[in-house]
Structures are given as C-alpha cells and as structure tokens.
2 protein chains.
Amino acid sequence: MAMAQNPNRPIWLHESNRSIQVIDQRLLPHELKILTLSTVDDVVYAICEMVVRGAPLIGVTAAYGVYLAGLSAPENGYASYFEAACQKIKAARPTAVNLAWAVDRVSAAAASASSVETLRRLALAEADAICRMEVDNCRRIGRYGLELIRRIAEKKNGEPVRILTHCNAGWLACVEYGTATAPIYAAHEAGIPIHVWVDETRPLNQGARLTAWELGRAGIPHTVITDNAGGHLMQHRMVDAVMVGTDRTTHTGDVANKIGTYLKALAARDNGIPFYVALPSSTFDWTLEDGVQQIPIEERNPEEVTLVQGLHDGKIFSVRVPPETSPAANYAFDVTPARLVTGFITERGVCNATKESILSLFPDKISKNSN
Amino acid sequence: MAMAQNPNRPIWLHESNRSIQVIDQRLLPHELKILTLSTVDDVVYAICEMVVRGAPLIGVTAAYGVYLAGLSAPENGYASYFEAACQKIKAARPTAVNLAWAVDRVSAAAASASSVETLRRLALAEADAICRMEVDNCRRIGRYGLELIRRIAEKKNGEPVRILTHCNAGWLACVEYGTATAPIYAAHEAGIPIHVWVDETRPLNQGARLTAWELGRAGIPHTVITDNAGGHLMQHRMVDAVMVGTDRTTHTGDVANKIGTYLKALAARDNGIPFYVALPSSTFDWTLEDGVQQIPIEERNPEEVTLVQGLHDGKIFSVRVPPETSPAANYAFDVTPARLVTGFITERGVCNATKESILSLFPDKISKNSN
C-alpha cells in the first residue's frame, strides 16, 4: 500500500472500515512502520506506549477507538459494553485533555442509538468529523501563526526567522500541519526564510527523532540542539520566537506541555523573546483554574530516562546511560504559568494568556465554564 | 596496581615520576579504564577529548602536563621548547579558566630555572602544590557548604535535604571531594539525610554517568532526571537548593558552567529556591567584567549531540538519535548572570554574587584585578 510506505498522516481508517492504521512513532526516524489497531486494547496500548502521541492525535486515535469499541459491541447489551470501553480509553493517559474530550464527544454522538448498527454509524461519523475538524483547526492555526512570523520577518532584512520548538507538535502529533509547526510550514510555503532550533526533548527525543524528521522531509532548515542549549541561544539573540504545542491548557492560560517547556518559557521571558503556544480548542481545559496545581502530570517508566534508543550499524538499539544501580524518575510534562506566555495561536486567532482574552475568542465556552 | 583498579582520585603521578595516570571518564560508569599520559600531546588529547574534564581537574592535569613538557625539553633550548608546550596546553580548551591559570603558575615557578634539571624539579613541585591546594580547597568548600545544608536541614524535621545538581562537579572533576558535591559528601558524613536530583546533563551525560556513579559509590541517595525535569520539581517544592560547579566565574559573579545551568538558575529564582555555585578561587576570572558577553563558549563536535553512548548487552555502544540528514549544534557551556546566583561557596567561605562580596573574601586579588 503506497500510503503505508510514505504516509502524510500519522493515522487513517483502513479501507475495510474495521481497523485504523497508525505510524509507530517509537521507531522514527530510523524505521517507518505501520501498525494496525483493531480493538480497544490495541488503541489503549498505542496511546499508553506512545505508538501515537501528541494531544490532537491522541484525541483522534481515541475517537476512532470508540468507534472500534462499537464494532466489537454485542447486539445485546451494547450500551454498557460501549460505556466501559469508553472509560478504558479515557484512562489510557492522564495529561492530554483531548483524550477525554474526544471520547466524550463520540460517545455522546452515539448515545442516542437505538441499535448497535446505528451506534457504529454514528460513532464513525463523529470520529471522522473530529479528524476533519482537527485538520481544519491546524490549517487555521498555521494561517494565524504565519502572520506572527511575517511580522518578525519584516524586521529581519531577509535573514531567517529563527524559531525554537520543544518536543514534536507537528503533523505527527496531530493529523496534518501540526500545531506549533503549522505556522512554520505556512511561512516556508510563503517563501519566508525560516530556521528551526529543534530541542531534542529528552527522555523520548520527540524533537530529535520526530520534529527533525518532519522538517527534513519538508526541506525546512533546522538544527537539533540539546534541551540545555535554548537559554544560551536566547541570551545571545539567536532565537526570534519560541513556538510549542500543549497537551492541556487551562482556560486561565496555564500550559501543560512536554517536560522542559517551562524552562524555555523562563528563558524567553528573561530575554524578552516571545513565547507562543499553538493549540486547537480541543486542547483547552474549560474547567481547571490553576494549571500548576490541578493538571495531573503523568509519571512514566524510568527506563525511558535510563535507556536511549537509536541506530547503530543499521539496527535500532537501546543503550543504558547511568549506572544500573542508580534510580531515575520520569515526569512527562510540566506546566508553564500563564504569566510566561506571550500568546495562544488557535483556530480562531491569536489571544493573550488570560481567561478574558481566551474566552473572548471562545465565547461559546463561557456557559460550560461557569458550570 | 590496586589503585588503578579502584582509584579514589581521577589523576595521580605514576611512581616512575615520568607520566601521569588518569581515569578515562568517557567510559564511566560502564568501564573503569586508566590511561597513562606521558607527553604534552597526550595531555592535550586528554583535555580536548574529555578523558579528563571539570575545571579543577583540567587545571591539575595541565599543571602536570607542564611538568611533562619539562621532562621532554632538550638540555639546549629548553626554555623556548617549554614555553611553546605551555602555549599548546593552554589552547586545549577555551572556557575553563583553571587551564591557563595552572599552566601560568607552573610556568612562572619554573621560569627562574638555570638548567633543565632545575626546571623539571620546580615544575613538579609546583604541579604537586597545585594538586594539594585543590584538594584542600575542596575540603574547605565542603566545610562551608555543610553549614548551608545544615541550616536547611534544621527546618526539615529529619526529612532529607533535596539538592539538585547539574553536570559533574564531584571528585572526578577535581581531585578529591569535588566542588558542588563536597558539601553533599560532608553532610552525608555528618549524618544529615540528603537526596540528590542528578540532571543527566546532555549531551555527554556527565550527571547520569559520573555524578550518579560517584554518589552510588558513596551510598548517597539520588535520582537521575532529565535536564528538562528540574523546573517541574522546583515548582512543586521538591528541591531545597541547587548546587553546581563552574568552569569560570567572573569576579563580578557571572557563572560559566555546563550548558543548561542558566535554565536551572532561572527556575530556582522563579520558585524562590537558593542557587549556590561552589568553586575554588582558581576558577575565578579576575579580569573579565561581563561573563555573558566575554567568556568564550566552546562549541564542540555535533556528534556529541547526535550519538549517545551507553551499555547494550555488556558492551559500550553509541547510537544515533536524530535523522542522519539533520544537523546539530553543540554549545558546551552557558553563562548564568550574577543576579540569579544566591551565593558562592569558596575555600574562604560563602559570599554573595557581587564584585564587592567576592573581593571581600579575596582582597589579595584586588591589585591584580585593577591592573
């Protein structure tokens, strides 16, 4: 299958309509392998083990996972089976709000079904709608972010606009375009010279593995750096803007994103460099007020810290770096307080990191929020 | 040789007095290998390739390197041979000020020699003196730093004092005790419960490889974390103090240290956590005023970023993480401005990060400084 060899999306529905296929992002950039997910357990595994990752993609995968739950639901008692499967998918990972949001949306769309057949049809339609919507959201984020980059470029006399990004908020984390990368792709397409500093993003190196791979495929100039380097670059005026994605952002503007994002936000603030967060509205949490205190931060297997995976002699190996007897800890996310964020780039435009500014773009969320 | 099997120092003079031996720190913690350095070229290689590293150890190695230059100096024309060798050693790496300081000190001590024999004797005596002095400095740093830890411990009701450190400023970076680790070892010996957060310290992982190994050998509780994690830990009150070493600190208080230190200093400031820098006076630069603008920052081979070394199946391998086509950059140090530093722990006591406070501990440097 040609698409499987060189896909431009990280996820698609199999032509049989009975499974989804995803890029196994654990093996990139060294191997492009496609996995087929046919059951709820497959979907939970793929989310837990980070075969798929990135808030929007977790949401889309979960949405199709709910559809797969419908496929395997028995004709008698499908409702309770379906409900249990939804809960299971929602529990796969704690931080990205898109997960629960997508499951709830597909589940609600299918709730009225009076037969398992209808439930399947409604669930698939809703999962497809979420997928299409996220593609559209990312395209719009790109358009609004492009204007920000264009304004920086105007002051640079043809010198490249240098953007630092952390982790991967590219199309691999979404469906198309990406969130933080959407403005970068749009600027590149518009002929604005761009250079991207790619934080390697320990422990799982999503920057060095995934963002570098995406940018390389698109022909966008980039340089991989250690997560330690960004402060130095900003101090020496080698960064024009920071753009990152997010796994969950409170409607008060606190940003949960890959561990280490907070450190870059501090450095950006210390050096007067704008720090933008790109996100679709599905990543806003309309209920929590205090991101630092309230967003659950996933702790993952310490082996993700102690074992580093890469290519040696054409094969993928993991090597252990610290002594075997040294314990490690693996906090997967941190929260950047709203006060350090210059602005949010959303599908409805750019806003400040305040409740008022966010809700002015999303007035339809106000009633939900005051619940 | 028993010492070679399980040394408690990273460097010693061979019993023949004709070479020095060092731990090859590139292979730790997976292999404890001793290298013999017999020539100036050996010493330059060991410093460049980071067989030895850490500002005080670079200084001590360079000091013995000058002695080795004397050993191979011809009887006729030894002075110019010696001078050229000193320049070669000084050029090995740019950032650590101890390198030039130690070379100049041994060179000056031997300058009066009226024969190559005398030069050799004077150079060895001075290199030995520098080595002894650095051991003594680190012991004193430990004593002063212990008081800081004791004061934190008094408020903790027996709970461990949690110290975050970056890179390795342990005995492997010095000769004994270390700089940033000296207070930790002293506190552990004094029965104060301690827990150390060990930043892995990309790209060369001196934290995960060296600091974790040192602390493990000493039975000090510690946890390896990614460089990205420290901000999150500080935000959640899981760090009581940050203690790091330095490669060069201006007499105005700006601190060059392993890349990423600045990010931890920002997080410490943002969370009201004390940020201490431990250093012997040999690491102060008494001439530069503005560390951020003036301290030369070494750029090293990008392969140190793209290739990660570790153990697989009992053997040491390097694996490549990013795509082969993605370039990388490798800035080895950054500079933490004085305004972010709570205090310096020196062999003469603790002072603030201001010119006045530093010079009040080192009034003997004032004349040099006003040159």
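What this report covers is the structure whose coordinates are included nearby. (Residues numbered from 1 in each chain as written. Chains lettered and ligands numbered in written order. Predicted model: local features only at pLDDT ≥ 70, side-chain atom pairs only at ≥ 80, totals over all residues. Heavy atoms only, no water.)

Some details on the overall build of chain A
Here is step 1 of the chain: For chain A, the helix and strand inventory stands at 14 helices and 16 strands.
Here is step 2 of the chain: Overall, the C-alpha framework of chain A stretches about 65 × 55 × 45 Å when taken along its three principal axes.
Here is step 3 of the chain: Buried residues in chain A amount to 64% of all 371 residues.
Here is step 4 of the chain: Relative to all contacts within chain A whose residues are 6 or more apart in sequence, the contacts with residues 24 or more apart total 74%.
Here is step 5 of the chain: With the model as given, the accessible surface of chain A reaches about 13100 Å², and the carbon-plus-sulfur share is 49%. (Helix = DSSP H or I, 4+ residues; strand = E, 2+ residues; numbered from the N terminus. Buried < 20%, exposed > 50% of the residue type's maximum accessible area, 1.4 Å probe, protein only. Contact = heavy atoms within 4.5 Å. Areas by Shrake-Rupley, 256 points an atom, 1.4 Å probe, with all protein chains shown as cover.)

Structural notes on the packing of helix H6 (residues 116–153) of chain B against helix H7 (residues 181–189) of chain B
Residue and element names in this part refer to chain B.
Here is step 1 of the chain: The interhelical angle for the contact between H6 and H7, taken along N-to-C directions, is 65°, at an axis separation of 7 Å. Taken together, the axes of H6 and H7 lie roughly perpendicular to each other. Two packed elements cross with a definite hand, and for H6 against H7 that hand is right-handed. Facing Cys 138, Ile 141, Gly 142, Gly 145, Leu 146 and Ile 149 of H6, the residues of H7 in contact are Ala 182, Pro 183, Ile 184, Ala 186 and Ala 187.
Here is step 2 of the chain: Looking at the contact of H6 with H7, its residues break down into 9 nonpolar, 2 polar and no charged. (Axes fitted to C-alpha atoms, helices over the stretch in contact; angles between N-to-C directions. Parallel < 35°, antiparallel > 145°, perpendicular 65-115°, else oblique. Left-handed = near helix turned anticlockwise from the far one by under 90°. Nonpolar A, V, L, I, M, F, W, Y, C, P; charged D, E, K, R; others polar.)

Here we look at the nonpolar core
Here is step 1 of the chain: Membership of the largest hydrophobic core comes to 70 residues, with the highest contact counts inside it found for Val 242 and Phe 344 of chain A together with Val 242 and Phe 344 of chain B.
Here is step 2 of the chain: Not counting the four nearest positions on each side in its chain, Phe 344 of chain A is found in contact with Thr 249, Gly 253, Val 255, Val 277, Leu 279, Phe 284, Gly 349, Val 350, Cys 351, Asn 352, Ala 353 and Ile 358 of chain A. (Core = buried A, V, L, I, M, F, W, Y, C linked by side-chain atoms within 4.5 Å.)

Comments concerning the side chain of Lys 264 of chain A
Here is step 1 of the chain: Of note, Lys 264 of chain A is situated in helix H10 (residues 261–270).
Here is step 2 of the chain: Those residues within four positions of Lys 264 of chain A in sequence are excluded, and the remaining contacts are Leu 164, His 166, Asp 199, Asp 227, Gly 230, Met 234 and Phe 275 of chain A together with Leu 263 of chain B.

Focus on the pattern of salt bridges
Any two side chains of opposite charge can pair, so long as their charged atoms come close to each other.
Here is step 1 of the chain: Inspection of the entire model under this criterion finds 42 salt bridges over all chains.
Here is step 2 of the chain: When the shortest N-O distance is used, the salt bridge between Glu 200 of chain B and Arg 202 of chain A registers 2.6 Å. Of this pair, Glu 200 of chain B sits in the loop between strand E5 (194–199) and helix H8 (206–217) while Arg 202 of chain A is found in the loop between strand E5 (194–199) and helix H8 (206–217), placing the two residues in two different chains. There is no split in this pair, since Glu 200 of chain B and Arg 202 of chain A are both buried. (Salt bridge = Lys/Arg side-chain N within 4 Å of Asp/Glu carboxyl O.)

Quick look at the sheet that holds strand E2 (residues 20–23) of chain B
Residues and elements named next belong to chain B.
Here is step 1 of the chain: Strand order in the open sheet formed by 3 strands is E1-E2-E3, with antiparallel pairing between adjacent strands. Because the sheet does not close on itself, it has two edges, and the strands there are strand E1 (11–13) and strand E3 (34–37). Looking at each pair of strands side by side, their axes are set apart by 25° on average, direction ignored.
Here is step 2 of the chain: Where E2 lies against E3, 4 bridges are found, and the strand directions are antiparallel. By the bridge assignment for E3, Gln 21 is matched with Thr 36. (Pairing = 2+ DSSP bridges.)

Quick word on the sheet that holds strand E15 (residues 343–346) of chain A
Residues and elements named next belong to chain A.
Here is step 1 of the chain: Overall, mixed pairing links the 7 strands, which are arranged E6-E5-E4-E7-E10-E15-E16 in an open sheet. The open sheet terminates on both sides in strands that have one partner only, identified here as strand E6 (222–225) and strand E16 (349–351). The mean angle between the axes of side-by-side strands here comes to 25°, regardless of whether they run parallel or antiparallel.
Here is step 2 of the chain: By the bridge criterion, 3 bridges tie strand E7 (residues 241–244) to strand E10 (residues 275–278) in an arrangement that is parallel. Across the sheet, Met 243 pairs through a bridge with Tyr 276, a residue of E10.
Here is step 3 of the chain: Contacts between helix H7 (residues 181–189) and the sheet are confined to strand E4 (161–165), E5, E7 and E15, with E5 contributing the most and set at about 155° to the helix.
Here is step 4 of the chain: Contacts between H10 and the sheet are confined to E4, E5, E7 and E10, with E10 contributing the most and set at about 140° to the helix.

A closer look at the pairing of strand E12 (residues 307–312) of chain B
In summary, the side chains of a regular strand alternate between the two faces of the sheet.
Residue and element names in this part refer to chain B.
Here is step 1 of the chain: Where E12 lies against strand E13 (residues 315–320), 6 bridges are found, and the strand directions are antiparallel. Within the sheet, the bridge partner assigned to Leu 307 lies in E13 and is Arg 320.
Here is step 2 of the chain: Between E12 and the antiparallel strand that follows it, E13, lie 2 residues; Asp 313 among them carries a positive phi value of about 55°.

What about the relation of the copies chain A and chain B?
Here is step 1 of the chain: Superposing chain A onto chain B takes a rotation of 180° combined with a translation of 0.0 Å along the rotation axis, leaving an RMSD of 0.0 Å. What we have between these two chains is a two-fold relation.
Here is step 2 of the chain: Both copies share a contact surface, since 100% of the interface residues of chain A are interface residues in chain B too. (Least-squares fit on C-alpha atoms with pLDDT ≥ 70 in both.)

Examining the interface of chain A and chain B
Here is step 1 of the chain: Contacts between chain A and chain B engage 61 residues on the former and 61 residues on the latter.
Here is step 2 of the chain: Interface of chain A and chain B: buried area, both sides summed, is about 5000 Å²; carbon and sulfur atoms make up 61% of it.
Here is step 3 of the chain: The interface formed by chain A and chain B includes 32 residue pairs in polar contact (both at pLDDT 80 or more).
Here is step 4 of the chain: Here the residues of the side of chain A that touches chain B are counted per class, giving 33 nonpolar, 19 polar and 9 charged. (Buried area = accessible area lost by both parts, 1.4 Å probe. Polar contact = N/O pair within 3.5 Å; in protein donor to acceptor, adjacent residues only side chain to side chain.)

Side note on the packing of H10 of chain A against helix H10 (residues 261–270) of chain B
Pairs of packed helices are described in terms of their axes, by the angle between the two and the distance that separates them.
Here is step 1 of the chain: Put simply, H10 of chain A and H10 of chain B touch, their axes get as near as 9 Å, and they point 85° apart. Classed by the angle they form, the pair H10 of chain A and H10 of chain B counts as roughly perpendicular. Touching Tyr 262, Leu 263, Lys 264, Leu 266, Ala 267 and Asp 270 of chain A of H10 of chain A are Tyr 262, Leu 263, Lys 264, Leu 266, Ala 267 and Asp 270 of chain B, all from H10 of chain B.
Here is step 2 of the chain: Of the residues that constitute the contact of H10 of chain A with H10 of chain B, the class distribution is 8 nonpolar, no polar and 4 charged.

Re helix H3 (residues 55–72) of chain A
An α-helical segment advances 3.6 residues per turn. Residues three or four places apart therefore align on the same side.
Here is step 1 of the chain: Look at H3 of chain A: 26 Å from first C-alpha to last across 18 residues, which is about the 26 Å you get at 1.5 Å a residue.
Here is step 2 of the chain: Counting buried positions over the 18 residues of H3 of chain A gives 17, a clear majority of the element. (Expected span 1.5 Å × (residues − 1).)

Here we look at the pairing of E2 of chain B
Residue and element names in this part refer to chain B.
Here is step 1 of the chain: Side-chain alternation along E2 places Ile 20 and Val 22 on one buried face and Gln 21 and Ile 23 on a second face that is also buried.
Here is step 2 of the chain: As judged from the 3 bridges shared by E1 and E2, these two strands associate in the antiparallel manner. Looking across to E2, one finds that Leu 13 is bridged to Ile 20.
Here is step 3 of the chain: A loop of 6 residues connects E1 with E2, the two strands running antiparallel in sequence, and Asn 17 in this loop sits at a positive phi of about 65°.

Section: the environment of Glu 134 of chain A
Residue and element names in this part refer to chain A.
Here is step 1 of the chain: Positionally, Glu 134 belongs in helix H6 (residues 116–154).
Here is step 2 of the chain: Residue classification places Glu 134 among the buried residues on the basis of a relative accessible area of 1%.
Here is step 3 of the chain: Along the chain, Glu 134 and Pro 56 lie 78 residues apart, while their C-alpha atoms are 7.0 Å from each other.
Here is step 4 of the chain: Among all residues touching Glu 134, those that are not within four sequence positions of it are Pro 56, Val 60, Asn 98, Trp 101, Pro 280 and Ser 282.
Here is step 5 of the chain: Of note is the side chain of Glu 134, whose polar atom sits 2.5 Å from the side chain of Ser 282.

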